[in-house]
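Architecture and fold: a report
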Amino acid sequence: MRQRRVKDLDIRLDKLKHLYVTEPKSKKGLWKDLFEELRQDRKERRIFLEIGCGKGSFIRELAKRYPEDNFIAIEAQPSVILMAMEKANSDKLDNLIFIQDHIKDIRDYFENGEISGIYLNFSDPWHKKRHAKRRLTHRKFLDRYREIMGQGFIKMKTDNDNLFNFTIDELSDVSEKLDMKIVSFTRDLHISPYSEGNIMTEYESKFSSRGKNINYVNISVGGHKINEDSVRER
Ligand SMILES: C[S@@+](CC[C@H](N)C(=O)[O-])C[C@H]1O[C@@H](n2cnc3c(N)ncnc32)[C@H](O)[C@@H]1O
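Here, residues in each chain are numbered from 1, in the same order as that chain's written sequence. With the structure being a predicted model, the display of local features is reserved for residues of pLDDT at least 70 and the display and counting of side-chain atom pairs for 80 or more, all residues being used for whole-chain, interface and lining totals. As a rule here, side-chain values cover all heavy atoms of the structure and leave hydrogens and water aside.

Observations concerning the overall build of the protein
Looking only at helices and strands, the protein has seven helices and seven strands in total. Working definition: helices are DSSP H or I runs of at least four residues, strands are E runs of at least two. Numbering for both runs from the N terminus. For the protein, the sequential pattern of α-helices and β-strands runs α-α-β-α-β-α-β-β-α-β-α-β-α-β. This radius of gyration counts C-alpha atoms alone. The globule rule is 2.2 Å times how many residues there are, raised to the power 0.38. Against the compact-globule benchmark of 17 Å for 234 residues, the protein has a radius of gyration of 17 Å, which places it among compact chains. Counting only C-alpha atoms and orienting by the principal axes, one finds that the protein spans roughly 45 × 40 × 35 Å. Under the scheme applied here, a residue whose accessible area is under 20% of the maximum for its type counts as buried, over 50% as exposed, and between as partly exposed, the area being computed with a 1.4 Å probe on protein chains only. A buried classification covers 51% of the 234 residues belonging to the protein. Relative to all contacts within the protein whose residues are 6 or more apart in sequence, the contacts with residues 24 or more apart total 76%. The accessible surface values rely on the Shrake-Rupley method and a 1.4 Å probe; as for residues, cover is taken only from the protein chains in view. Summed over its atoms, the accessible surface of the protein is roughly 11900 Å², and 46% of this surface lies on carbon and sulfur atoms. Only four residue types enter the tally: Lys and Arg on the positive side, Asp and Glu on the negative side, with His and both chain ends excluded. All charge positions are set by atom: Lys at NZ, Arg at CZ, Asp at CG, Glu at CD. Measuring between centres, the 45 positive side-chain charges of the protein sit 5 Å from its 39 negative side-chain charges. Any pair of residues with heavy atoms lying within 4.5 Å of one another is described as a contacting pair.

Okay, here's the thing in structure tokens:
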């Protein structure tokens with residue numbers, strides 16, 4: 001997503017301090033406590049993550065749909081996350097917080113088993129072969145997701161057929177070692193049974209309105225049981 005110049009970026013970000021964590025690495029192992037403070041209850045709730053949330057329409061809708069769960073949205077670009085947070089602020093959600101950072105090693109932010117599921121929506125494809133290690137579904141990243149989840153799922157959507165093929169190839173190489181299993185898979189989400197309950201992202205709307213097929217895969221991690229007949233299921 002292209003970085004835009006935004007007027008009064010710092011002032012506007014400052015007004016949304018209650019929605020984001022300024023030193024996220026210091027919260028490793030403590031995210032449940034943070035949500036408890038935010039929600040003022042002591043219930044054990046699962047935490048789900050979106051890496052590269054863009055303008056945030058997907059994660060906001062997810063947080064609205066599942067108020068019993070907690071959500072963390074991560075986005076590298078300040079001007080983009082600002083838009084996501086301004087909208088989330090008007091929604092007055094108490095189960096969604098943001099991290100503005102470019103994630104290199106997710107284990108710096110989360111303890112083993114702290115996360116219950118990860119959403120990767122329209123991740124940057126990194127077209128060049130020599131940049132394959134930067135793709136968020138490279139085996140190096142998959143291994144780290146496994147660590148912070150223990151048991152859980154990874155759900156990926158992309159318009160990019162090459163990135164999708166790369167992801168499936170990575171999975172077929174490492175799924176046994178990493179205890180990952182493809183539970184559902186389609187190259188055309190919107191005409192598949194998994195489209196029920198699907199939440200469109202900004203990129204998804206853009207590409208599907210041009211007639212592009214949307215690839216989707218749901219991966220169970222660590223033997224997590226997914227009874228999936230639609231993308232709603234967790
Ligand atoms: C192509 S956009 C998709 C945005 C949104 N998920 C959607 O589907 O509309 C990818 C986004 O991921 C962010 N991103 C890419 N790599 C990231 C990383 N390692 N950590 C945090 N954000 C990242 C980019 O800044 C960009 O906004």
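So much for the structure itself; the text now carries on.
Details of the site of the ligand
Surveying the vicinity of the ligand reveals 17 residues, the closest of which are Gly52, Glu75, Asn121, Thr201 and Tyr203. For this analysis, a polar contact is any N or O atom pair within 3.5 Å, provided that within protein one partner can donate a hydrogen and the other can accept it, and provided that sequence-adjacent residues contribute only side-chain to side-chain pairs. Between glutamine 77 and the ligand, the recorded distance is 3.5 Å, taken from a side-chain N or O atom to an oxygen atom. Between an oxygen atom of the ligand and a side-chain N or O atom of threonine 201, the distance comes to 2.7 Å. Against a free-state accessible area of 600 Å², the protein chains account for coverage of 95% of the ligand. When grouped by side-chain class, the residues that make up the shell around the ligand number six nonpolar, six polar and five charged. When at least one non-hydrogen atom of a residue lies within 4 Å of a molecule or strand, that residue is treated as near it. For this classification, Asp, Glu, Lys and Arg are treated as charged, while Ala, Val, Leu, Ile, Met, Phe, Trp, Tyr, Cys and Pro are nonpolar and the rest, including Gly, are polar.

Digging into the packing of aromatic side chains
Two aromatic rings from Phe, Tyr or Trp, using only the six-membered ring of Trp, form a pair when their centres are within 6.5 Å; if the ring planes differ by under 30 degrees the pair is stacked, by over 60 it is edge-to-face, and anything between is tilted. Enumeration over the complete set of coordinates arrives at 10 aromatic pairs. By definition, being over a ring means that NZ of Lys or CZ of Arg is both within 6 Å of the ring centre and within 35 degrees of the ring normal. Stacked on the ring of phenylalanine 141, the Lys or Arg arginine 144 has its end atom at 5.8 Å from the ring centre. The positively charged end of lysine 206 is found above the aromatic ring belonging to tyrosine 203, 4.6 Å away from the centroid.

Let's talk about unusual backbone geometry
Not every positive phi belongs to a glycine, and glutamine 40 is a case in point at roughly 55°. With respect to the helices and strands, the residue glutamine 40 is situated in the loop between α2 (31-39) and β1 (47-51). The phi angle at lysine 92 is positive, at roughly 55°, despite the residue not being glycine.

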